[in-house]
Amino acid sequence: MHTPVHSWKSLVKSIVALTLIIEGLGTAVLALAFVPEFGWSQGLYIAAFHAISAFCNAGFSLFNNSLEGYWNNPLVNLTVMALIVTGGIGFLVIRELLGIAAQRGKRKSRLSLHSRIVLLTSAFLIVFGGITIYLLESDGALAGMTFLEGFWIALFQSVTARTAGFNTIDLNLFRDPTLFLFLFLMFIGASPGSTGGGVKTTSLALFLGILFNRIKGSDQNNLFRRTVPEEATTKALALVLLAILLIGTALFGLLVAQSFYLSQNPENFFKVTFETVSAFGTVGLSMGATGELTQAGKIIVIVLMFIGRVGLLTIAFAIAHRRHRYPIRYAEENIMIG
């Protein structure tokens, strides 16, 4: 089986080295924008903080309006987006890409199935999200802007909505369809082995692969002329279903905890829903409901963020313990579906 992992010891070393190098480069580039404005000491600190926050998909900003003040600064936007994407595709993919680049011209190398799925799915979500946000908001939140200005903001939000949490425009200006798209992007999140949350890009790819192959009448999950093991397919399905169940349960708890907040304005229901999905995906984006959370609501969001960061399957396997070596199998009996 083709896999980029050959030694966990070397992987850990490369993760530490890559993190320091990428965040260092990000700090140096962002310093070009922040040092002239804030001076050497404060400017370098702001640059380092945002570089680390972007690469780790944390979304924390030292500015009270995130990066709204830099919506038209190409240096800040491109650097932050590059750091978010790099941190979101996962260390295994980064390591494999660097390995292939180092061997270029020496021997023929190809990407593993995992890396191809991650890169193609990530690229699709970024482009699809950017185009859709622009089309939905060209006469709304982006009205009055040139095409490049509007698409720049739309593309940035498409990248950051997947788990990074930065924003260059007030989210409350967006329409409901756009915010619903945000829910989808936050639910999917980043990729396995990355600094982001969500159900991961590979789960989306496997889910769509299962659907496509079943429609064709195949009981195998084939992607890019490779057959994905049934165990991986089952885990992907279980992860998506567990995520939906967890979000639904947490949302119900938040609705109970925030009943007074909801009674003041029925529109707050969408804000609470947005808060729930954002917490699960460890995104950090908010429509203003964070400051209105009760103590019970804060506990629910904290637990949701913890589970979203550690991983649903990790939590589920820890609770379920080991599976039986010889699982019991009973006689089969059919049931009606649909």
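Residues numbered from 1 in each chain as written. Predicted model: local features only at pLDDT ≥ 70, side-chain atom pairs only at ≥ 80, totals over all residues. Heavy atoms only, no water.

S.K.: Tell me what's going on with the overall build of the chain, and back it up with residues and numbers.
M.R.: Secondary structure assignment for the chain yields 13 helices and two strands. Referenced to the eigenvectors of the C-alpha coordinate spread, the extents of the chain come out at roughly 70 × 65 × 35 Å. Relative to its full complement of 338 residues, the chain shows a buried share of 44%. Expressed as a percentage of contacts within the chain between residues at least 6 apart in sequence, the contacts between residues at least 24 apart total 67%. Working note: accessible area of the chain is about 18,900 Å², and carbon and sulfur atoms make up 67% of it. The average position of the 24 basic charges and that of the 17 acidic charges among the side chains of the chain differ by 19 Å. (Helix = DSSP H or I, 4+ residues; strand = E, 2+ residues; numbered from the N terminus. Buried < 20%, exposed > 50% of the residue type's maximum accessible area, 1.4 Å probe, protein only. Contact = heavy atoms within 4.5 Å. Areas by Shrake-Rupley, 256 points an atom, 1.4 Å probe, with all protein chains shown as cover. Lys, Arg positive; Asp, Glu negative; His and termini not counted. Charge placed at Lys NZ, Arg CZ, Asp CG, Glu CD.)

S.K.: Which residues make up the packing of helix α5 (residues 113–137) against helix α7 (residues 176–188), and what are the values?
M.R.: For the pair α5 and α7, the least separation of the axes is 10 Å and the interaxial angle reads 165 degrees. Classified by the interaxial angle, the pair formed by α5 and α7 is roughly antiparallel. Remark: the crossing between α5 and α7 carries left-handed chirality. Along the contact surface, α5 presents Leu 125, Phe 128, Gly 129, Thr 132, Ile 133, Leu 136 and Glu 137, while α7 presents Pro 177, Thr 178, Leu 181, Phe 182, Phe 184, Leu 185 and Ile 188. The residue makeup of the contact of α5 with α7, split by class, is 10 nonpolar, three polar and one charged. (Axes fitted to C-alpha atoms, helices over the stretch in contact; angles between N-to-C directions. Parallel < 35°, antiparallel > 145°, perpendicular 65-115°, else oblique. Left-handed = near helix turned anticlockwise from the far one by under 90°. Nonpolar A, V, L, I, M, F, W, Y, C, P; charged D, E, K, R; others polar.)

S.K.: Now, about the nonpolar core: what can you tell me, with residues and values included?
M.R.: Among the nonpolar cores identified, the biggest contains 45 residues, and Phe 174, Phe 182, Phe 187, Phe 274, Phe 280 and Leu 285 are the most heavily contacted of them. Those elements that place two or more of their residues in this core are α5, α6 (147–160), α7, α9 (230–257), α10 (259–264), α11 (268–280) and α12 (295–310). Membership of the second largest hydrophobic core comes to 30 residues, among which are Ala 47, Ala 51, Leu 67 and Leu 83. (Core = buried A, V, L, I, M, F, W, Y, C linked by side-chain atoms within 4.5 Å.)

S.K.: Can you tell me about the layout of surface pockets, naming the residues and giving the values?
M.R.: When its volume is computed, the second largest pocket comes out at roughly 640 Å³. The wall of the second largest pocket is formed by 34 residues, among which Gly 59, Phe 60, Gly 284, Leu 285 and Ser 286 lie closest to the centre. Looking at the lining of the second largest pocket, the elements that each hand over two or more residues are α11 and α12. Residue contributions to the lining of the second largest pocket peak at five residues, all from α12. Counted by class, the lining of the second largest pocket contains 13 nonpolar, 16 polar and five charged residues. (1 Å grid on protein atoms, 1.4 Å probe; cavity = no way out; pocket = protein on both sides within 12 Å on 5 of 7 lines; lining within 4 Å. Points joined across faces, edges and corners; volume = space filled by probe spheres on them.)

S.K.: Kindly report on the pattern of salt bridges, identifying the contributing residues and their values.
M.R.: Within this structure, the stated rule accounts for two salt bridges. For the salt bridge of Arg 175 with Asp 139, the shortest nitrogen-to-oxygen distance reads 3.1 Å. Linking Arg 175 in the loop between α6 and α7 with Asp 139 in the loop between α5 and α6, this pair joins segments that are 36 residues apart in sequence. Using a relative accessible area of 36% as the deciding quantity, one classes Arg 175 as partly exposed. The partner of Glu 231 in a salt bridge is Lys 235, and the shortest N-O contact between them spans 3.7 Å. One end of the pair is Glu 231 and the other is Lys 235, both in helix α9 and four residues apart, which spans about a single turn. Take Glu 231: its relative accessible area is 48%, and that puts it in the partly exposed class. For Lys 235, a relative accessible area of 34% gives the class partly exposed. (Salt bridge = Lys/Arg side-chain N within 4 Å of Asp/Glu carboxyl O.)

S.K.: Residue-level account of the environment of Lys 200, with values.
M.R.: With respect to the helices and strands, Lys 200 occurs in the loop between α7 and α8 (201–215). The buried category is assigned to Lys 200, whose relative accessible area is 14%. Along the backbone, Lys 200 and Ala 190 are 10 residues apart, and their C-alpha atoms lie at a distance of 5.1 Å.

S.K.: Please give an account of α11 that cites residues and values.
M.R.: The terminal C-alpha atoms of α11 lie 19 Å apart, and with 13 residues this matches the ideal 18 Å at 1.5 Å per residue to within 8%. Of all 13 residues making up α11, 10 are buried, and the element is well covered by its neighbours. For α11, every residue scored as buried is listed here: Asn 268, Val 272, Thr 273, Phe 274, Glu 275, Thr 276, Val 277, Ser 278, Ala 279 and Phe 280. After α11 finishes, the residue Thr 282 shows a positive phi value of roughly 45 degrees. (Expected span 1.5 Å × (residues − 1).)

S.K.: Let's hear about unusual backbone geometry: which residues, and what values?
M.R.: A positive phi angle, close to 55 degrees, is found at Ser 66, a residue other than glycine. The topology assignment puts Ser 66 in the loop between α2 (40–55) and α3 (74–89). On the accessibility criterion, Ser 66 (9% relative accessible area) is buried. Positive phi is not limited to glycine here, since Lys 200 has a value of about 85 degrees.

S.K.: Explain a nonpolar patch on the surface to me, and be specific about the residues and the numbers.
M.R.: A cluster of nonpolar side chains, contributed by Phe 207, Leu 208, Leu 211, Ile 215 and Leu 237, occupies part of the molecular surface with about 470 Å² of accessible area. It is α8 that contributes the most residues to the nonpolar patch, four residues altogether. Looking at the element boundaries, Phe 207 is found in helix α8. (Patch = residues over 30% accessible without salt bridge, like charges linked within 9 Å, V, L, I, M, F, W, Y side chains within 5 Å.)

S.K.: Can you break down the packing of aromatic side chains residue by residue, with the values?
M.R.: One pass over the structure, following the stated rule, counts 14 aromatic pairs. Ring centres of Phe 55 and Phe 91 lie 5.9 Å apart, and the angle between their planes is 70 degrees; this geometry places the pair in the edge-to-face category. With Phe 55 in helix α2 and Phe 91 in helix α4 (residues 91–102), this pair connects stretches of sequence that are 36 residues apart. Site record: aromatic cluster; members linked through ring pairs are Phe 34, Phe 38, Phe 63 and Tyr 70. (Phe/Tyr/Trp six-rings, centres within 6.5 Å; stacked < 30°, edge-to-face > 60°.)

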